[in-house]
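Summary of the model geometry
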Amino acid sequence: PSPRCSASQNKLVERCERIQLQSAAIARHVDEVLPAKDQSVLTAASAARELVVQRLLLVGKACENEEQRLLERVHAEEERAHQSILTQQVHWTEALHKLGALRTYLVDMITNLDDQGLLRAEQEIFERTEVAEGILEPQESLKLNFNQSCVQSPLLHRLWACAVLCCLTESQEIHIDEKTLSPHLNLSEDKRTLTFSPKKAKVDSDCPERFDHWPNALATAPFHTGVCAWKVSVEQSCAYKLGVCYSSVPRKGSANEGRLGFNAASWVFSRYDKEFRFLHAGQPQPVELIKAPTEIGVLLDFAGGELLFYDPDSCAILFSHREAFLEPVYPVFAVAHQSISL
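Attention in this report is confined to the structure presented alongside it. Nothing here was measured: the structure is a model prediction, and the numbers come from that model.

1. Let's talk about helix 1 (residues 3-112)
Helix length check: helix 1, at 110 residues, gives a terminal C-alpha distance of 156 Å against a target of 164 Å (1.5 Å per residue), a fit within 8%. Remark: the principal bend of helix 1, roughly 40°, maps to His29. Every buried residue belonging to helix 1 is among Glu66, Leu70, Glu77, Ala81, Ser84, Ala95, Leu102, Tyr105 and Met109, and all of these are buried. Looking at the buried positions of helix 1, the neighbouring elements they touch are helix 2 (115-120), helix 3 (122-133) and helix 4 (154-167).

Encoded structure:
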């Protein structure tokens, strides 16, 4: 063959060899690698299922043990209070009997004795009536009340908070009421992001619902029953407040009373730079945190009277406050740096 033909044949031979090697690699991948991968996936999936089952069994066991422990504490506290009440019933029933007998005695003495007889019986009457002086009037006693602290449990508290935030979707139902918006705040179109502006916007400051000075805003609807939860992204801001308030929260003027947490109608978790606090009625309580949370879950147990702030990333309870809320409460927000989002 000619040199040109030989070169062409050599190229075809090389191509055949490459195809053969390529085919062998593919065949090995199909016959060996993929079945091995499939078996590896089956093994890994089985191990993952086992891990899930084992861990949830352990969580379930811990929950069962905690349930038993707490129920026993509730029963013991119930028995203690019940016995205290029974003891008081016996004591005061006996006191009533003594006072009744004494009154009958005194009425009989007054009715049946003349003046001379009363004088002669004066010492006896004095000794008998002295008994009544030793019987004091009943006083309120904490021993007669059920002590709710018997069910305090860090484990139950944390698991409950985590479960609420995982299972409830009320955040989807919360929107910020534009009518309440401070002139220092801008609201996104979806009404879920608040952005601070140093320059006041031109708004109707006379609107009674609007905060006219402090950078505050309320949600559109209040909560008045059940357990409610919402999450707020705070990663962009180093100056914000989150919590709840009554509709009566002050909205006008630059006085301290209009600041969230500085009046009796608002309860908020606050960040200012590196300082974290819980604020209510002008009484700050410092919150020590190792690092600033990027997201905060707010939980409100209206019937249970608890407001709780939670870090979903670390599963840590940032702060918990007990309060018997007397009227519906609104989710409330304040931003003095960058933005926060529901």
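2. Notes on unusual backbone geometry
Excluding glycine, a negative phi dihedral is what most residues carry, and trans is how most peptide bonds are arranged. Of note, the phi angle at Asp273 is positive, near 60°, even though the residue is not glycine. Assignment of secondary structure puts Asp273 in the loop between strand 6 (266-272) and strand 7 (275-280). Positive phi, normally seen in glycine, also occurs at Gln338, with a value near 55°. Position of Gln338 among the secondary structure elements: in the loop between strand 12 (330-335) and strand 13 (339-341). Since its relative accessible area comes to 44%, Gln338 is described here as partly exposed.

3. Topic: a nonpolar patch on the surface
On the surface, Val52, Leu56, Val59, Leu155 and Leu159 cluster together to form a nonpolar patch covering roughly 400 Å² of accessible area. Within the residue set of the nonpolar patch, elements represented by two or more residues are helix 1 and helix 4. At three residues, helix 1 tops the list of elements feeding residues into the nonpolar patch. Mapped onto the elements of the fold, Leu155 is located in helix 4.

4. Remarks on the packing of aromatic side chains
Overall, the coordinates contain eight aromatic pairs when judged by the stated rule. Centroid distance Phe269 to Phe276: 6.1 Å. Interplanar angle 35°. Geometry classified as tilted. The pair Phe269 / Phe276 is uniform in exposure class, with both members buried. Through successive ring pairs, a cluster of aromatic residues spans Phe269, Phe276, Phe278, Phe309 and Phe319. Across the ring face of Tyr105, the terminal group of Arg128 is positioned such that the distance to the ring centre comes to 3.9 Å. Stacked on the ring of Phe262, the Lys or Arg Arg259 has its end atom at 4.1 Å from the ring centre.

5. Concerning the packing of helix 1 against helix 3
Interhelical geometry of helix 1 versus helix 3 gives an angle of 155° and a closest axis separation of 9 Å. One way to sum up the angle between helix 1 and helix 3 is to call them roughly antiparallel. For helix 1 against helix 3, the interelement crossing comes out left-handed. Here Lys98, Leu99, Leu102, Tyr105, Leu106 and Met109 of helix 1 lie close against helix 3, whose contacting residues are Glu124, Ile125, Arg128, Thr129, Val131 and Ala132. Class assignment for the residues of the contact of helix 1 with helix 3 results in eight nonpolar, one polar and three charged.

6. Here we look at the side chain of Arg271
Along the chain, Arg271 falls in strand 6. There is no salt bridge for the buried Arg271, and the closest opposite charge comes from Asp273, which lies 5.3 Å off by N-O distance. Side-chain polar atoms of Arg271 contact the backbone oxygen of Ser237, separated by 3.4 Å. With near-sequence residues (within four places) excluded, Arg271 lies in contact with Ser237, Cys238, Ala239, Tyr240, Phe276 and Ala292.

7. Comments concerning the layout of surface pockets
Where empty space is left in the structure can be found by rolling a water-sized probe over the atoms. Considering only enclosed or pocket space, the largest pocket measures out at about 470 Å³ in volume. Contributing to the lining of the largest pocket are 14 residues, with Val151, Gln152, His157, Glu306 and Arg322 lying nearest its centre. For the lining of the largest pocket, the secondary structure elements donating two or more residues are helix 4 and strand 11 (316-322). Broken down by element, the residue count for the lining of the largest pocket peaks at four residues, all from helix 4. Its residues assigned to classes, the lining of the largest pocket shows four nonpolar, seven polar and three charged. Each pocket or cavity is described by its volume, and for the second largest pocket that value is around 340 Å³. Around the second largest pocket, the lining comprises 17 residues; the ones closest to its centre are Trp214, Lys241, Arg259, Tyr272 and Ala336. Residue classes in the lining of the second largest pocket are distributed as 10 nonpolar, two polar and five charged.

Conventions used here
- Residues numbered from 1 in each chain as written.
- Predicted model: local features only at pLDDT ≥ 70, side-chain atom pairs only at ≥ 80, totals over all residues.
- Heavy atoms only, no water.
- Helix = DSSP H or I, 4+ residues; strand = E, 2+ residues; numbered from the N terminus.
- Expected span 1.5 Å × (residues − 1).
- Bend = angle between axes of the 7 residues up to and from the residue.
- Buried < 20%, exposed > 50% of the residue type's maximum accessible area, 1.4 Å probe, protein only.
- Contact = heavy atoms within 4.5 Å.
- Patch = residues over 30% accessible without salt bridge, like charges linked within 9 Å, V, L, I, M, F, W, Y side chains within 5 Å.
- Areas by Shrake-Rupley, 256 points an atom, 1.4 Å probe, with all protein chains shown as cover.
- Salt bridge = Lys/Arg side-chain N within 4 Å of Asp/Glu carboxyl O.
- Phe/Tyr/Trp six-rings, centres within 6.5 Å; stacked < 30°, edge-to-face > 60°.
- Lys NZ or Arg CZ within 6 Å of the ring centre and 35° of its normal.
- Axes fitted to C-alpha atoms, helices over the stretch in contact; angles between N-to-C directions.
- Parallel < 35°, antiparallel > 145°, perpendicular 65-115°, else oblique.
- Left-handed = near helix turned anticlockwise from the far one by under 90°.
- Nonpolar A, V, L, I, M, F, W, Y, C, P; charged D, E, K, R; others polar.
- Lys, Arg positive; Asp, Glu negative; His and termini not counted.
- Polar contact = N/O pair within 3.5 Å; in protein donor to acceptor, adjacent residues only side chain to side chain.
- 1 Å grid on protein atoms, 1.4 Å probe; cavity = no way out; pocket = protein on both sides within 12 Å on 5 of 7 lines; lining within 4 Å.
- Points joined across faces, edges and corners; volume = space filled by probe spheres on them.

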